[in-house]
Amino acid sequence: MKNTKGSLILLLTAFIWGTAFVAQDVGMDHIKPFTFNCIRNFVGALALLPVIVVMGKMKKEKAEEDKKALWMGGVSCGIVLAVASTLQQVGIQYTTSGKAGFITALYIIFVPLFSLFTKKKPKPTIWISVLLAVVGMYLLCVKESLTINRGDFYIFLCAIAFTFHIMVIDHFSPRIDGVKMSCIQFFVCGCICLVLTAFFETPTVDGIMSATVPILYTGVMSSGVAYTLQIIGQKYTSPALATLVMSLESVFAALAGWVLLGQGMTSSEIFGSILMFCGILIAQFV
């Protein structure tokens with residue numbers, strides 16, 4: 001039952017992330033990647049502040065909070081998220097978005113491998129799900145020959161960074177308030193991206209104003225809501241199952257592009273999506 005609850009929360013997370021790709025695509029027409037990441041993370045953090053205040057007032061009994069674990073978890077997640085998103089932004093300049101999406105999603109392999117060295121070892125059937133998900137992801141994302149270049153290497157490092165992000169959340173989330181940790185995470189990530197913006201980009205007020213709607217959607221929904229749901233959802237499920245469910249963001253991204261931008265799906269993309277859904281069902285119920 002706990003696994004089902006966690007999976008449903010993470011499914012909503014994947015849906016929000018997937019639909020946010022449309023907003024990110026539109027936002028990149030007006031501002032550069034580091035500027036976009038910087039502002040969206042600050043917006044995400046600010047969006048969570050009133051939620052934290054309201055939740056604090058609603059709690060009748062205030063339990064003793066492990067503030068050290070809260071700050072360690074928030075800062076650690078923020079640093080790893082900044083590293084992962086930066087590697088992805090740099091790498092995608094030298095490779096295609098399809099290959100970048102596929103290589104990034106390789107964390108669905110790395111997380112179960114890393115879990116072998118922890119107390120939360122994945123069940124044997126998870127590897128069937130991982131295989132189906134990887135094949136499905138390939139059919140969905142890669143539309144050209146899978147040659148390796150410099151950009152692919154950066155994206156590969158990004159996948160490892162996201163693996164650590166998931167493992168750090170798994171370590172801290174059962175012990176602390178997920179919303180508070182998420183808020184700290186965004187402030188830390190936003191500050192790091194602000195430094196990168198100062199060094200590598202020259203944002204303009206006009207550009208930022210033109211990207212207001214994409215920034216607000218990704219900041220509030222993709223960052224503020226979805227990353228917080230990830231932290232909460234991972235409390236109730238294993239890291240291996242969590243990664244499989246969250247990898248469905250690629251399916252939702254393709255569906256969103258089809259519905260909102262008129263980008264059709266080929267038969268191989270549809271078949272890849274079906275394989276990924278089958279992998280999730282096997283992991284959940286077998």
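Computed from a predicted structure; not experimentally measured.

A. Representation of the packing of helix α7 (residues 150–172) against helix α10 (residues 212–233). Relative orientation of the contacting elements α7 and α10 amounts to 55°, with a least axis distance of 9 Å. Considered as vectors, α7 and α10 are oriented oblique to each other. In contact with Phe162, His165, Ile166 and Ile169 of α7, α10 contributes Tyr227, Gln230 and Ile231. Residue composition of the contact of α7 with α10, by class: five nonpolar, two polar and no charged.

B. Highlighting a nonpolar patch on the surface. Residues Leu113, Phe114, Leu116, Phe117, Trp127 and Phe164 make up a contiguous nonpolar surface patch of about 600 Å² in total accessible area. Looking at the element boundaries, leucine 113 is found in helix α5 (residues 107–115). A relative accessible area of 36% places leucine 113 in the partly exposed class.

C. Quick peek at helix α11 (residues 239–246). Across the eight residues of α11, eight count as buried, placing the element largely inside the fold. What α11 keeps buried is the set Pro239, Ala240, Leu241, Ala242, Thr243, Leu244, Val245 and Met246. With a side-chain oxygen positioned 3.3 Å from the backbone nitrogen of leucine 241, the residue opening α11 is serine 238.

D. Seen up close, the side chain of histidine 165. Among the structural elements, histidine 165 can be located in helix α7. Setting aside residues up to four positions removed in sequence, histidine 165 forms contacts with Cys77, Val80, Leu81, Gln185, Tyr227 and Gln230.

Reading guide: rules and limits
The written sequence of each chain sets the order in which its residues are numbered from 1. Local features in this predicted model are restricted to residues whose pLDDT is 70 or higher, and side-chain atom pairs enter the listing and the counts only when it is 80 or higher, whereas totals over whole chains, interfaces and linings include all residues. Side-chain numbers come from the whole structure's heavy atoms, not from hydrogens or water. Geometry is summarised by axes, namely lines fitted to C-alpha atoms with helices restricted to the contacting stretch, and by angles between N-to-C directions that run from 0 to 180 degrees. Starting at the N terminus, helices and strands are each numbered in turn, a helix being any DSSP run of H or I of at least four residues and a strand any DSSP run of E of at least two. For classification, angles of less than 35 degrees are called roughly parallel, those exceeding 145 degrees roughly antiparallel, those between 65 and 115 degrees roughly perpendicular, and all remaining angles oblique. Any two residues whose heavy atoms approach within 4.5 Å are treated as being in contact. Each residue gets one of three labels, nonpolar for Ala, Val, Leu, Ile, Met, Phe, Trp, Tyr, Cys and Pro, charged for Asp, Glu, Lys and Arg, and polar for the others, Gly among them. Any residue with relative accessible area above 30% and no salt bridge may belong to a patch, with like charges joined within 9 Å and the nonpolar Val, Leu, Ile, Met, Phe, Trp and Tyr side chains within 5 Å. The protein chains shown are the only cover counted for residues, whose accessible areas, like all others here, come from Shrake-Rupley with a 1.4 Å probe. Salt bridge, as used here: a side-chain nitrogen of Lys or Arg that lies within 4 Å of a carboxyl oxygen of Asp or Glu. Only protein chains enter the calculation, and the probe is 1.4 Å; a residue is then buried if its accessible area is under 20% of its type maximum, exposed if over 50%, and partly exposed in between. Pairing of N or O atoms within 3.5 Å defines a polar contact, subject to two protein rules: one partner must be a possible hydrogen donor and the other a possible acceptor, and residues neighboring in sequence count only if both atoms are side-chain atoms.

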